[in-house]
Amino acid sequence: MCHVLLANIKFLQQLVLIDQDLAEQTRFQGCPCGGALHQAHFPRKPRSCPSEVRDDFAKRFSYCCSQCRRRMTAVSVRFLGRRVHLALAVVLLSERGPTPAVAMRLAQQLAVSPRTVARWRQWWRDSFPVTALWQTMCGRFMPPPDMTLLPGALLARFAGDGDAAMKRLLMFLTPLTGSAAITLRAGR
Ligand SMILES: [Zn+2]
């Protein structure tokens, strides 16, 4: 897997643009009650994030209904749920892959503790397969990916070179990241 993506500022900026679009869609749809949505972004102190793009990752796009006060958080390719680490890091560092030493060195550089990486791997192994997203979509992957080799086995199914496939995987995962995801998602 292409660990260098985490240091690829252009790629990270593309993720910001995608999230801005996704946020705009959420705002445009409005609240189910018919009320307009107002900005109520969550501040984030992003971790495993290069300093060049830290400001762009310092907000999780979210809205609040002007009528019923319901909160609507946009889905995201930057963050996987409430985790403070970048979704990209959760994918890349969870990978055991052919070069675990590279992943381990990268985790050290980004100050991600082995315990955190172990928790992510456990999430891929135990929680991801039972998410509503995977239960709904797994039939589209034929033959089924080796679930003991996630997330790499899943990434390998998305077309394109390193960046394009990763972007598709992060888009695929976005249903796990919005308001509705909080109750669907197990683990952290
Ligand atoms: Zn409302």
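Attention here is on the structure that accompanies the text.

The rules behind each value
- Residues numbered from 1 in each chain as written.
- Predicted model: local features only at pLDDT ≥ 70, side-chain atom pairs only at ≥ 80, totals over all residues.
- Heavy atoms only, no water.
- Helix = DSSP H or I, 4+ residues; strand = E, 2+ residues; numbered from the N terminus.
- Buried < 20%, exposed > 50% of the residue type's maximum accessible area, 1.4 Å probe, protein only.
- Contact = heavy atoms within 4.5 Å.
- Polar contact = N/O pair within 3.5 Å; in protein donor to acceptor, adjacent residues only side chain to side chain.
- Axes fitted to C-alpha atoms, helices over the stretch in contact; angles between N-to-C directions.
- Parallel < 35°, antiparallel > 145°, perpendicular 65-115°, else oblique.
- Left-handed = near helix turned anticlockwise from the far one by under 90°.
- Nonpolar A, V, L, I, M, F, W, Y, C, P; charged D, E, K, R; others polar.
- Donors = N, O, S within 2.8 Å, 3.2 Å for Na, K, Ca; no water.
- Tetrahedral: all angles 85-135°; square planar, octahedral: opposite > 155°, others 65-115°.
- Pairing = 2+ DSSP bridges.
- Expected span 1.5 Å × (residues − 1).

## Examining the overall build of the protein
For the protein, the helix and strand inventory stands at 8 helices and 5 strands. Written out in order from the N terminus, the α and β elements of the protein read α-β-β-β-β-β-α-α-α-α-α-α-α. In terms of overall dimensions, the protein has C-alpha extents of about 50 × 40 × 30 Å along its principal axes. Across the 188 residues of the protein, 46% fall into the buried class. Within the protein, contacts between residues separated by at least 24 positions form 66% of all contacts whose residues are at least 6 apart in sequence.

## Comments concerning the side chain of glutamate 95
Note on placement: glutamate 95 falls in the loop between helix 2 (87–94) and helix 3 (100–109). With a relative accessible area of 13%, glutamate 95 lands in the buried category. For glutamate 95, the side chain forms a polar contact with the main-chain nitrogen of glycine 152, separated by 2.9 Å.

## Topic: the packing of helix 2 against helix 7 (residues 162–173)
Contact pair helix 2 / helix 7: the axes reach a minimum separation of 11 Å and the direction vectors enclose 110°. Put simply, helix 2 runs roughly perpendicular to helix 7. As helix 2 runs across helix 7, the sense of the crossing is right-handed. Two secondary-structure elements touch here, helix 2 through Ala87, Leu88, Val91 and Leu92 and helix 7 through Met166, Leu169, Leu170 and Leu173. Taken together, the residues of the contact of helix 2 with helix 7 sort by class into 8 nonpolar, no polar and no charged.

## Quick notes on the coordination of the zinc ion
Protein ligation of the zinc ion involves Cys31 (SG), Cys33 (SG), Cys65 (SG) and Cys68 (SG), the donor distances falling in the range 2.3 Å. Viewed at the metal, the 4 donor atoms of the zinc ion are separated by angles of 104 to 117°, and the geometry they form is tetrahedral. The sequence pattern describing where the donors of the zinc ion fall on their chain is C-x1-C-x31-C-x2-C. Residue cysteine 33 is located in the loop between helix 1 (9–29) and strand 1 (37–39), and its partner cysteine 65 is located in strand 4 (residues 62–65); the two are separated by 32 residues in the primary sequence. The class of cysteine 65 is buried, set by a relative accessible area of 0%.

## A few points about the sheet that holds strand 1
With antiparallel pairing, 3 strands are arranged side by side in an open sheet as 1-4-5. The outermost strands of the open sheet, each flanked by one partner alone, are strand 1 and strand 5 (71–73). Between one strand axis and the next, the sheet turns through 35° on average, direction left out of account. Note that strand 1 and strand 4 share 3 bridges and pair antiparallel. Bridge pairing in strand 4 links leucine 37 to cysteine 65. The sheet contacts of helix 1 involve strand 1, strand 4 and strand 5, and relative to strand 4 the element is tilted by about 10°.

## Overview of helix 1
Between its first and last C-alpha atoms helix 1 spans 30 Å; for 21 residues at 1.5 Å apiece the expected length is 30 Å, and the two agree. Buried residues along helix 1 sit against strand 1, strand 4, strand 5, helix 2 and helix 7. At the N-terminal boundary of helix 1, the capping side chain belongs to asparagine 8, with an oxygen 3.2 Å from the backbone nitrogen of lysine 10. In the segment just after helix 1, glycine 30 is the residue with positive phi, at about 75°.

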